[in-house]
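Tertiary structure, described
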Amino acid sequence: MQIIPTIFEKEFVKAEEKIQALKKFTKWMQIDVTDDVFTPGKTFELELLSKIEMEEIILWDIHLMVKEPIKWLKKCEFIGASRVTGQVEMMSNKEDFVNKVKDMGMEAGLAFDVETSLIEIPSDTDLILLMGRKAGFGEAKFEKKILEKISGEKKFAVDGGVNKENIEMIRNTGVQIVYSGAAYLDLINSDVV
């Protein structure tokens, strides 16, 4: 199981500090993007990632929690994203989103909030991201009921509320990727994973 750190910041300076601190632990980093529509608050402008100078190769994994994620794909392409996941509750057409991401040469993911059912998933979808708690800034308890949605058909990831207390339960479901913010260093340094 792969553990990928998440960067969820309103200010670019704080995001850059976290990216620089975490780059020695991983090649992948998830950047959470919000526009104050799906969830309260707005993150820094995605294009600013292109200003970060690094010798290391970082694979950007962008989670678009924005209205009509398909409209943000040019920004993702501009910063060289490797994977783009869109929140299904905010898109008009899942098939169009997945096709457009794939046409642009990136992996396509679909994210489902805690209460959203997994229906009509396009066959070309590379990743199904299950939110383990309500999306947004702030703390919330992990909702283990989301684990019932996992089946062996697709590549699954879990994001939100992942920590040392629930990581083993999540791993036992066959999830391939977990995303973690505050608990990332605890997770990679623990003997649980």
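About the cut-offs
Every residue gets a number counted from 1 within its own chain, in the order that chain's sequence is written. A pLDDT threshold of at least 70 governs which residues receive local features in this predicted model, and a stricter bar of 80 or more applies before side-chain atom pairs are shown or counted, although totals over entire chains, interfaces and linings include all residues. Neither water nor hydrogens contribute to the side-chain values; these are computed over all heavy atoms in the structure. Strands here are runs of E lasting at least two residues and helices are runs of H or I lasting at least four, both read from the DSSP assignment and numbered beginning at the N terminus. The quantity called the radius of gyration is restricted to C-alpha atoms. Its globule counterpart is 2.2 Å times the number of residues to the power 0.38. The buried label applies to any residue whose accessible area, calculated with a 1.4 Å probe on protein chains only, is under 20% of its type's maximum; exposed applies above 50%, and partly exposed to all values in between. We call two residues in contact when some of their heavy atoms are within 4.5 Å. Accessible areas in this description were obtained via Shrake-Rupley with a 1.4 Å probe; residue shielding takes into account the shown protein chains only. Counting rule for charge: Lys and Arg are taken as positive, Asp and Glu as negative, and neither His nor the chain ends is counted. All charge positions are set by atom: Lys at NZ, Arg at CZ, Asp at CG, Glu at CD. In the sections that follow, a salt bridge refers to a side-chain nitrogen of Lys or Arg positioned within 4 Å of a carboxyl oxygen of Asp or Glu. Strands are treated as partners if at least two bridges between them are detected by DSSP. With the strands pointing away from the viewer, any crossover whose connection runs clockwise from the first strand over the helix to the second is right-handed. Between N-to-C directions, angles cover 0 to 180 degrees, with each direction set by a line fitted to C-alpha atoms, over the stretch in contact for helices.

With respect to the overall build of the chain
Secondary structure assignment for the chain yields 5 helices and 8 strands. In the chain, the succession of helices and strands from N to C terminus is β-α-β-β-α-β-α-β-β-β-α-β-α. In terms of overall size, the chain behaves like a compact globule, its C-alpha atoms giving a radius of gyration of 15 Å where 193 residues would be expected to give roughly 16 Å. Structurally, the chain occupies a C-alpha span of about 40 × 40 × 30 Å along its principal axes. Across the 193 residues that make up the chain, the buried fraction comes to 51%. Considering only contacts within the chain whose residues lie at least 6 apart along the sequence, 59% involve residues at least 24 apart. Roughly 9500 Å² of accessible area belongs to the chain as shown, and the carbon and sulfur atoms make up 46% of that amount. Charge separation in the chain, taken as the distance between the mean sites of 26 positive and 34 negative side-chain charges, equals 1 Å.

A word on the pattern of salt bridges
All chains considered together, the criterion is met by 8 salt bridges. Salt-bridge contacts for Arg-83 lead to Glu-107; the nearest nitrogen and oxygen are separated by 3.1 Å. A residue pair is termed long-range when its members are at least 10 positions apart, and Arg-83 in strand 4 (residues 83–87) and Glu-107 in strand 5 (residues 107–112) qualify at 24 residues. Classification of Glu-107 as partly exposed rests on a relative accessible area of 29%. Note that Glu-115 and Lys-145 form a salt bridge whose closest N and O atoms lie 2.7 Å from each other.

Looking at the pairing of strand 4
Looking along a regular strand, one sees side chains alternate from face to face of the sheet. Burial analysis of strand 4 places 5 of its 5 residues in the buried class, the great majority of the element. Along strand 4, one buried face is formed by Arg-83, Thr-85 and Gln-87 and the opposite face, lined by Val-84 and Gly-86, is buried too. Sheet topology note: the strand 3 (residues 59–65)/strand 4 ladder contains 4 bridges and is parallel. Across the sheet, residue Leu-64 finds its bridge partner in strand 4, namely Gly-86. Between strand 3 and its parallel partner strand 4, the chain crosses via helix 2 (residues 73–78), and the hand of that crossover is right-handed. Across 5 bridges, the pairing between strand 4 and strand 5 is parallel. Note on strand 5: the bridge partner recorded for Gly-86 is Leu-110.

With respect to the sheet that holds strand 4
Strands sit in the order 1-2-3-4-5-6-7-8 around a closed barrel of 8 strands; the barrel is parallel. For this sheet, the mean angle separating the axes of adjacent strands, direction not counted, is 25 degrees. With respect to the sheet, helix 1 (residues 12–22) is in contact with strand 1 (2–7), strand 2 (28–34) and strand 3, its orientation differing from that of strand 1 by roughly 155 degrees. On top of the sheet, helix 3 (residues 94–103) reaches strand 4 and strand 5; it is set at about 150 degrees to strand 5, its chief contact.

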